[in-house]
Amino acid sequence: MQTAAGAGSPQLRPLFGGALSAVIPHNVTDISELREIPDNQEVFAHPHTDQSLIVELLEFQGQVADQDAARYHFEDIAGSNKAQEPGAFEVSDVVALPKAEVSLSECSSAWMLKGTQCVSKFNEEARNTVSIHLGLLRLPQFSTDILVTFNDPQSISPDSSSASAAETHREPWTVEDFQRTLLSLTLHSPGLFG
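Residues numbered from 1 in each chain as written. Predicted model: local features only at pLDDT ≥ 70, side-chain atom pairs only at ≥ 80, totals over all residues. Heavy atoms only, no water.

A.B. asks: Provide a residue-level description of the pattern of salt bridges, including the pertinent values.
C.D. replies: Evaluated as defined, the whole model comprises four salt bridges. Where aspartate 66 meets arginine 138, a salt bridge forms, and the shortest distance between an N and an O atom there is 2.7 Å. Here aspartate 66, found in helix 1 (residues 66-80), pairs with arginine 138, found in strand 8 (residues 128-139); they are 72 residues apart in sequence, far enough to count as distant. A residue is classified by how much of its surface remains accessible, and aspartate 66, at 27% relative accessible area, is partly exposed. For arginine 138, a relative accessible area of 0% corresponds to the buried category. With its nearest N and O atoms 2.9 Å apart, the salt bridge here joins arginine 138 to aspartate 145. Note on accessibility: arginine 138 and aspartate 145 belong to one class, buried. (Salt bridge = Lys/Arg side-chain N within 4 Å of Asp/Glu carboxyl O. Helix = DSSP H or I, 4+ residues; strand = E, 2+ residues; numbered from the N terminus. Buried < 20%, exposed > 50% of the residue type's maximum accessible area, 1.4 Å probe, protein only.)

In structure tokens:
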């Protein structure tokens, strides 16, 4: 687990071998230290809650208009989470981010989506209601969409393997922590994109 020198303060953290960086909450567990993570992802978990923060490099979806791309990726995540049946996912808000607020100056557009999904972990029957805050930074010149996803469980089934984490909700991350990560994402090496 990586911690900041000053307890409680977020830290600038290198991502993808230093090709990118972002301000990440101080109290994170780097999941790559616990299990294998795909090369196109950086995955962090809160040490005391079931929250997670994921930075993901995906293929640019040129067939999807900018204003629809965050929803496209959200629905793709719903499919991966087996949350596609009616009522299992909902988008409540999609907003464009002003480029002046985004550190990643190379992006052509930036979007933020808020939604919910009813998901199970590890193919369990029990389903948890999770607020998903998704940030999308579009980089068509690198054929890449960067997703920053904050998974924030709202309702944990007592039968879920996550039920014990729900009882120890100490110092949870906030939407502001997610926004700080999204808006601070900076590119240092375009070679990352091949």
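After that view of the structure, there is still more to cover.
A.B. asks: Account for unusual backbone geometry, with residues named and values stated.
C.D. replies: In this model, phenylalanine 16 sits at a positive phi of 50°, which is unusual for a non-glycine residue. As for its position among the elements, phenylalanine 16 is in the loop between strand 1 (11-15) and strand 2 (20-24). If you check the backbone angles, serine 143 has positive phi at about 50° while not being a glycine.

A.B. asks: Describe in detail the nonpolar core, supporting the description with residues and values.
C.D. replies: Counting 27 residues, the largest nonpolar core has Leu15, Leu20, Leu53, Leu104, Leu137, Ile146 and Leu185 as its most contacted members. Mapped onto this core, the elements with two or more residues apiece are strand 2, strand 5 (52-59), strand 7 (109-119), strand 8, strand 9 (144-155) and helix 3 (175-184). When sequence neighbours within four positions are dropped, the list of residues in contact with leucine 15 reads Leu20, Ser21, Ala22, Glu42, Phe44, Val55 and Leu185. By size, the runner-up hydrophobic cluster in this structure holds 14 residues, among which are Val64, Phe74, Ile77 and Ile132. (Core = buried A, V, L, I, M, F, W, Y, C linked by side-chain atoms within 4.5 Å. Contact = heavy atoms within 4.5 Å.)

A.B. asks: If you had to explain the environment of threonine 181 to someone new, which residues and values would you point to?
C.D. replies: Mapped onto the elements of the fold, threonine 181 is located in helix 3. Accessibility expressed as a relative area gives 0% for threonine 181, which makes it buried. The spacing of threonine 181 and glutamine 11 is 170 residues in sequence and 9.7 Å in space, taken between C-alpha atoms. With residues near it in sequence (within four places) discarded, threonine 181 still touches Ala22, Val23, Ile24, Pro25, Leu53 and Val148.

A.B. asks: Would you mind going over the pairing of strand 4 (residues 41-45) in detail, with residue names and values included?
C.D. replies: In terms of burial, strand 4 is a largely internal element, four of the five residues being buried. In terms of strand pairing, strand 3 (residues 29-30) meets strand 4 through two bridges, oriented antiparallel. Each residue of the ladder has a partner; that of aspartate 30, found in strand 4, is phenylalanine 44. Relative to strand 5, strand 4 runs antiparallel, the two sharing five bridges. Looking at the pairing, valine 43 lines up with isoleucine 54 of strand 5. (Pairing = 2+ DSSP bridges.)

A.B. asks: Describe the side chain of threonine 149, with residues and values.
C.D. replies: Mapped onto the fold, threonine 149 is located in strand 9. Here threonine 149 falls in the buried class, since its relative accessible area comes to 4%. If sequence neighbours within four positions are ignored, threonine 149 has contacts with Ser52, Leu53, Ile54, Ile77, Ile132, His133 and Leu134.

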